[in-house]
Amino acid sequence: MLNNEAENNPLREHLFLALIGSFAASVIEFLPIMVGAVSDYLYATPDVAGFIFMSNFLGIAIGTLVSIVAMGHVSIKKCALLGILLISFAELWSAFIINTDMLAFVRFCSGLASGIISGCVAAAITLYPRQKRGFGLYMLGMFVASGIGLFILPFIIDSYGTKGLFISLAVLGGVSLILLHFLTLPATSQAVEKTQFGASPLPTNNIIILCLLGCVLFLMIGVGGSWAFYERLGIAWGLDIADIIFVLSVSAVCGFATFFVERSEKLLKSHYLILLGVLTTWLSIVFLSTGIKSFSFYTISLFLTGIGWAYTVPVIQGKLDHISHGNKNTAALSMLMYWCGLSFGLWIHGYILNATESFQITLFSCGLFYTLSLLCSLSVVYFSTLKKQLLATHSGG
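Residues numbered from 1 in each chain as written. Predicted model: local features only at pLDDT ≥ 70, side-chain atom pairs only at ≥ 80, totals over all residues. Heavy atoms only, no water.

Some remarks on the overall build of the chain
Stage number 1. Secondary structure assignment for the chain yields 17 helices and zero strands.
Stage number 2. Against the 2.2 N^0.38 benchmark of 21 Å for 397 residues, the chain shows a C-alpha radius of gyration of 20 Å, consistent with a compact globule.
Stage number 3. The C-alpha extent of the chain, read off along each of the three principal axes, is 65 × 45 × 30 Å.
Stage number 4. Taking contacts inside the chain between residues at least 6 apart in sequence as the whole, the part at least 24 apart equals 85%.
Stage number 5. For the chain, the accessible surface area stands at approximately 16,200 Å², while carbon and sulfur atoms represent 71% of it.
Stage number 6. Here the chain carries 18 positive and 17 negative side-chain charges, and the mean point of each set is 14 Å from the other. (Helix = DSSP H or I, 4+ residues; strand = E, 2+ residues; numbered from the N terminus. Rg over C-alpha atoms; globule rule 2.2 N^0.38 Å. Contact = heavy atoms within 4.5 Å. Areas by Shrake-Rupley, 256 points an atom, 1.4 Å probe, with all protein chains shown as cover. Lys, Arg positive; Asp, Glu negative; His and termini not counted. Charge placed at Lys NZ, Arg CZ, Asp CG, Glu CD.)

Structure below.
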């Protein structure tokens, strides 16, 4: 009975999963504030702050792999419960640490828990119909939470420092536990469970999946480098900190780009939409690299990053889900690429910024990875077209 209720009313469950997932993704949502807080209150240099949160993202990547293994032995809900309890404890622990080396270790543990939750959320979304809407709401939850958090957290940090920041995140863990209690997951069909990565008879499917995973990886390496240092970039440009925080918080409206994912597929095939989404994100670097250090260019670039990011990931997840026939491991693997990209992007670009003390070089590097993502999306277009031709040949024969 419960399973039928979940299948007939997936919107409520998608919303619960989106909110739980946004808590797991809180490290990327609040990254500009967190990097700034650690730099200001713990006196960490850009490379040290980058290393701390790189370890966070590395933990998320490993945690996602752990979730893939764990979901083969325990239910998705129990696996998510373990992740939420672990991350809540790690956030509380982080609040009372002043040593940056110890903080890096604890943030790794927090990331491990985030990855477990993230993998479970991605897998759970594939159990419901209209997966694109589910992943779209997941991204929307991330952006809305970041908008609210980026508006409120500066006041908390000003009053309580990093302690207030991490305690606030621990409180979100309690909210996630309540949501998880009311979440109802449908039964997993045997057909879906037995569908394995690469089981399709068409070799082009495997190539498309690899290109899609590469597209996510390179896209998020670029995002990790640009998004993390938007606050520092604004300060370096001489922009007012109040204006910077306002734009960062208002950028949450970019999350509404996810609402157009399903509708836009009525106009264009998903592989073309992926190309357009990556191209939008790539254009953000163009605006930052013009040499015109204006508030307008700063705002446009940030919004283009957010729109491209929020729009592209659900489309990629939806195409992966279609090709792999709803395989939960493929969904979790895509999340692994997502978090690996953010981890490497933050570390690589934090190191570049510290070594060169040049935002221009750092942005050029971000643009390079966006270009690689663009090439992967072009490959998806090519192999999707080739697949269509092969199918036409087989049906004709």
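Overview of helix H12 (residues 241–250)
Stage number 1. The set of residues buried in H12 consists of Ile244, Ile245, Val247, Leu248 and Ser249.
Stage number 2. N-cap assignment for H12: the residue whose side-chain oxygen lies 2.9 Å from the backbone N of Ala242 is Asp240. (Buried < 20%, exposed > 50% of the residue type's maximum accessible area, 1.4 Å probe, protein only. Polar contact = N/O pair within 3.5 Å; in protein donor to acceptor, adjacent residues only side chain to side chain.)

A short note on the confidence of the model for the chain
Stage number 1. Looking at the chain, the pLDDT average stands at 81 and 91% of residues meet or exceed 70.
Stage number 2. No element of the chain has a lower mean pLDDT than helix H9 (residues 190–194), which averages 41, and none a higher one than helix H6 (residues 76–94), which averages 91.
Stage number 3. Low confidence marks residues 1–6, where pLDDT is under 50. Its contacts with residues over four positions away, or in another chain, come to ten contacts.
Stage number 4. Overall, residues 189–201 carries pLDDT values under 50, and its contacts beyond four positions in sequence, including any with other chains, amount to 13 contacts. (pLDDT = per-residue confidence, 0-100.)

Considerations on the nonpolar core
Stage number 1. Counting 121 residues, the largest nonpolar core has Met220, Trp309, Tyr338 and Trp339 as its most contacted members.
Stage number 2. When residues in this core are grouped by element, the largest group, 14 residues, is from helix H10 (residues 203–228). (Core = buried A, V, L, I, M, F, W, Y, C linked by side-chain atoms within 4.5 Å.)

Quick notes on the packing of aromatic side chains
Stage number 1. Applying the stated criterion to the full structure yields six aromatic pairs.
Stage number 2. Measuring from ring centre to ring centre gives 5.9 Å for Phe89 and Trp93, while their planes differ by 45°; the resulting arrangement is tilted. Taken together, the residues span about one helical turn, with Phe89 and Trp93 both in helix H6 at a distance of four residues.
Stage number 3. The exposure class of Phe89 is exposed, given its relative accessible area of 54%.
Stage number 4. Geometrically, the ring pair formed by Phe287 and Phe297 is edge-to-face, given 5.6 Å between the ring centres and 70° between the ring planes. Of this pair, Phe287 sits in helix H14 (residues 270–288) while Phe297 is found in helix H15 (residues 295–324), placing the two residues ten residues apart along the sequence.
Stage number 5. The partly exposed category is assigned to Phe287, whose relative accessible area is 26%.
Stage number 6. A network of ring pairs unites the aromatic residues Phe89, Trp93 and Phe105 as a single cluster. (Phe/Tyr/Trp six-rings, centres within 6.5 Å; stacked < 30°, edge-to-face > 60°.)

As for the packing of H6 against helix H7 (residues 100–125)
Stage number 1. Viewed as axis vectors pointing N to C, H6 and H7 meet at an angle of 155°, and their least axial separation amounts to 8 Å. Of the possible angle classes, the one that applies to H6 and H7 is roughly antiparallel. Like other packed secondary-structure pairs, H6 and H7 cross with a definite hand, here left-handed. (Axes fitted to C-alpha atoms, helices over the stretch in contact; angles between N-to-C directions. Parallel < 35°, antiparallel > 145°, perpendicular 65-115°, else oblique. Left-handed = near helix turned anticlockwise from the far one by under 90°.)

What to know about H14
Stage number 1. With 19 residues, H14 should cover 27 Å at 1.5 Å per step; its first-to-last C-alpha distance of 28 Å lies within 8% of that length.
Stage number 2. All buried positions along H14 are accounted for by Ser270, His271, Leu273, Ile274, Leu275, Gly277, Val278, Thr281, Ser284, Ile285 and Leu288. (Expected span 1.5 Å × (residues − 1).)

Some remarks on a nonpolar patch on the surface
Stage number 1. Together, Val144, Ile148, Phe151, Ile152, Phe155, Phe246, Val250, Val253, Phe256, Phe259 and Phe260 make up a nonpolar patch on the protein surface, roughly 1,100 Å² of accessible area in all.
Stage number 2. Looking at the nonpolar patch, the elements that each hand over two or more residues are helix H8 (131–182) and H12.
Stage number 3. A total of five residues in the nonpolar patch trace back to one element, the largest contributor, which is H8. (Patch = residues over 30% accessible without salt bridge, like charges linked within 9 Å, V, L, I, M, F, W, Y side chains within 5 Å. Salt bridge = Lys/Arg side-chain N within 4 Å of Asp/Glu carboxyl O.)

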